[in-house]
Amino acid sequence: MKNMIKSLLIAVCMISAVSVSAQESAPAAKASDFSVGDTIVIKKDHERYLTGEKMSKWVYNVDHTIQQIGSKRFPEGILIRGIISWVGPDDIENKSEHHEDAEEQAAKQAAAQQAKQQAQEQEQKEGESEAQQGEEQQQGDDDTSNVAVDDSNEVEESQSDSTAIADAEREAAAQARRDSLLNAWKQAQDSSEAAYQVDKEKQQKFNCNRFTIGLRGGAASLMHKSDNPNSEWKIGFDAMLDLQYAHYWKKFDKKMQYGLLLGVSAGYAQSSFSCSADNALPRVSTSDGNIDYQISAESVKEANGQLQLEIPIMFSMVHEKGFFMNIGPRIGIPVAGWFNQKITDPKIVATFVEEGVPVTNALITGVVSEDQAKSSGKWKPATMNLMLGAELGYEHAFANKNSLSIGVYGGYSVYTLYNNDVTGKSIITIDSAPATGKPAVVGIHSATESYVSGLGYFDVGLKLAFHFNWWK
């Protein structure tokens, strides 16, 4: 029994020596030492991926899974799932269980065979001397043999238990890989949310510069003012393109941000004006005597439009929940104006003063042609309108710091430089009086030129804008 234990100790020592020798002479790690699906960790003394990018701190304390081994660019590279980055075999440690390679197995088997052979030779020598001992000693050897058989059975049972343990460990390793991927995803999500929180913090604490492109449109009116008691104006529309810049200072409180908005807008506005005509013209002298003209029309309708620029200088406020308000003056600068006019049922009656006889002869009264009854042309708009405007709405901020807003706007003219002295009290006039062999000539003026003595402006509608934001 003593000799057998001695032989087993010698065998264990030889196997350990071979294993230590194999470890000392183990070559550097290679890509072939790993397999797709292995769980690995990145060594903390390695700071960069094979592509040159620097590794983030969080990657060192997380289990990763191998997605691919080797590529055309990195033959010995290992692609990590989730990060999608390449590392070298020396950059990582394998946490998965693997069978020993063929060389190590062969070395251990050779050592075990040699130890077994030496043990057998030693047992043969000692067996010859022990053969002379008595039956009692022989019985003891039989007991030892029975113990060896029992040990063999225990080894088989141990191997079965080891297989079950290995299966359990592999399942635990698979679960650990799944947990590792979930943790990595959560960390990446937390990192993204943390970056957005930094932007939110900047929005609250730092100055902000904003460039805005917007469109707005709605109802508008040129607010005609006329000396004709039967006149009226009707609301039209406007459409504007806004290019604006705003600067917001640090917040005075935790919820509101304040700034100044400047810019330029360009667009078109139109409204309409209508009235009836019943006017007496100044007395006209002719070679045949003096003539009084009476001009009338059932209705005169005129649509006025203008191309205009606007310069806002507005105080701006933005709430942390996205609500905003802009309020302040807008300087309107009309560039050009057009009109389209329609006269319904025009009539001209001429009366010779000396005879007191009314005349409807077209040679004396002139004729309003169809082209004159439906006329168009240009008119001189206001030089400037000073308006008080306001805008209210809501804006949605994106993760990239830009934002989209929608709201309502309104403006009212508090001062205008339109000063049109009424050139005549009638739209229909006699440009040339009748003469011998020559008929009277009728002239047509626009209602804006003839009746309107003042203009204002107001508008109201919807606004859509996209903001580009920069924080300092």
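Our structure's up above, just so we're on the same page.
Described below are features of the structure shown in this document. Along each chain, residue indices are assigned from 1 in the same order as the chain's sequence is written. Totals for whole chains, interfaces and linings use all residues, but because this is a predicted model, local features are given only for residues with pLDDT of at least 70 and pairs of side-chain atoms are given and counted only at 80 or more. Based on all heavy atoms of the structure, the side-chain values leave hydrogens and waters out of the count.

1. Some details on the packing of aromatic side chains
Here comes step 1: Stacked, tilted and edge-to-face are the three classes assigned to paired rings of Phe, Tyr and Trp, where Trp is represented by its six-membered ring and a pair needs centres within 6.5 Å; plane angles under 30 degrees give stacked, over 60 edge-to-face, the rest tilted. Under the counting rule described, the total for this entry stands at seven aromatic pairs.
Here comes step 2: Between Tyr-258 and Phe-315 the ring centres are 6.0 Å apart and the planes differ by 20 degrees, which places this aromatic pair in the stacked class. You can see Tyr-258 sitting in strand β9 (residues 256–280) and its partner Phe-315 sitting in strand β11 (residues 289–319), a full 57 residues away along the chain.
Here comes step 3: The class for Phe-315 is partly exposed, based on a relative accessible area of 38%. Strands are runs of DSSP state E lasting at least two residues, helices are runs of H or I lasting at least four, and both sets are numbered from the N terminus onward. Summary of the burial criterion: residues with accessible area below 20% of their type's maximum are buried, those above 50% are exposed, and those between are partly exposed, where the area comes from a 1.4 Å probe applied to protein chains only.

2. Quick notes on the side chain of Asp-238
Here comes step 1: In this fold, Asp-238 is placed in strand β8 (residues 232–248).
Here comes step 2: In this tally Asp and Glu are treated as negative and Lys and Arg as positive; neither His nor the chain ends contributes. Salt bridge, as used here: a side-chain nitrogen of Lys or Arg that lies within 4 Å of a carboxyl oxygen of Asp or Glu. There is no salt bridge for the buried Asp-238, and the closest opposite charge comes from Arg-216, which lies 4.6 Å off by N-O distance.
Here comes step 3: Distance and chemistry together define a polar contact, namely a pair of N or O atoms within 3.5 Å, with one atom able to donate a hydrogen and the other to accept it when in protein, and with adjacent residues in sequence counting only for side-chain atoms on both sides. A polar atom in the side chain of Asp-238 sits 3.0 Å from the side chain of Tyr-409.
Here comes step 4: The contact definition used throughout considers only heavy atoms, calling two residues in contact when any of these lie within 4.5 Å. Contacts of Asp-238, omitting those with residues within four sequence positions, involve Arg-216, Gly-217, Gly-218, Ala-219, Ala-220, Tyr-268, Ala-269, Tyr-409, Tyr-457 and Asp-459.

3. With respect to the side chain of Glu-302
Here comes step 1: For Glu-302, the location among the structural elements is in strand β11.
Here comes step 2: Lacking a salt bridge, the buried Glu-302 has Lys-301 as its closest oppositely charged neighbour, with an N-O distance of 13 Å.
Here comes step 3: Reaching out from Glu-302, the side chain makes a polar contact with the backbone nitrogen of Ala-447 at a distance of 2.8 Å.
Here comes step 4: Only 2.3 Å separates the side chain of Glu-302 from the side chain of Thr-448, close enough to count as a polar contact.

4. Some words on the sheet that holds strand β2 (residues 64–69)
Here comes step 1: At least two DSSP bridges between two strands are needed for those strands to be called paired. Judged by pairing direction, the sheet is antiparallel, and its five strands sit side by side in the order β4-β3-β2-β1-β5 without closing on themselves. Each edge of the open sheet is held by one strand with a lone partner, namely β4 (85–87) and β5 (92–94). Strand-to-strand twist in this sheet, taken as the mean axis angle between neighbours without regard to direction, amounts to 50 degrees.
Here comes step 2: In the sheet, strand β3 (residues 78–80) pairs with β4 via three bridges, with the strands oriented antiparallel. Bridge assignment links Ile-78 to a residue of β4, and that residue is Val-87. A fitted line through C-alpha atoms represents every axis, and for helices the fit uses only the stretch in contact; the resulting angles, taken between N-to-C directions, go from 0 to 180 degrees.

5. Describing the pattern of salt bridges
Here comes step 1: Evaluated as defined, the whole model comprises ten salt bridges.
Here comes step 2: Here Asp-459 makes a salt bridge to Arg-216, at a shortest N to O gap of 3.6 Å. Linking Asp-459 in strand β21 (residues 458–471) with Arg-216 in strand β6 (residues 208–221), this pair joins segments that are 243 residues apart in sequence. In this structure, Asp-459 and Arg-216 share a single accessibility class: buried.
Here comes step 3: Residue Lys-463 is joined to Glu-391 by a salt bridge in which the shortest nitrogen-to-oxygen separation is 2.8 Å. On the criterion of sequence distance, the pair formed by Lys-463 in strand β21 and Glu-391 in strand β16 (residues 385–397) is long-range, its members being 72 residues apart.
Here comes step 4: Residue Lys-463 is classed as buried on the basis of its relative accessible area, which comes to 8%.

6. Side note on the pairing of β8
Here comes step 1: Bridge analysis of β6 against β8 gives 13 bridges, and the strand direction is antiparallel. Considered in β8, the bridge of Gly-217 is made with Ala-239.
Here comes step 2: Relative to β9, β8 is paired through 15 bridges, and the arrangement is antiparallel. Across the sheet, the residue bridging to Gln-244 is Gly-263, located in β9.

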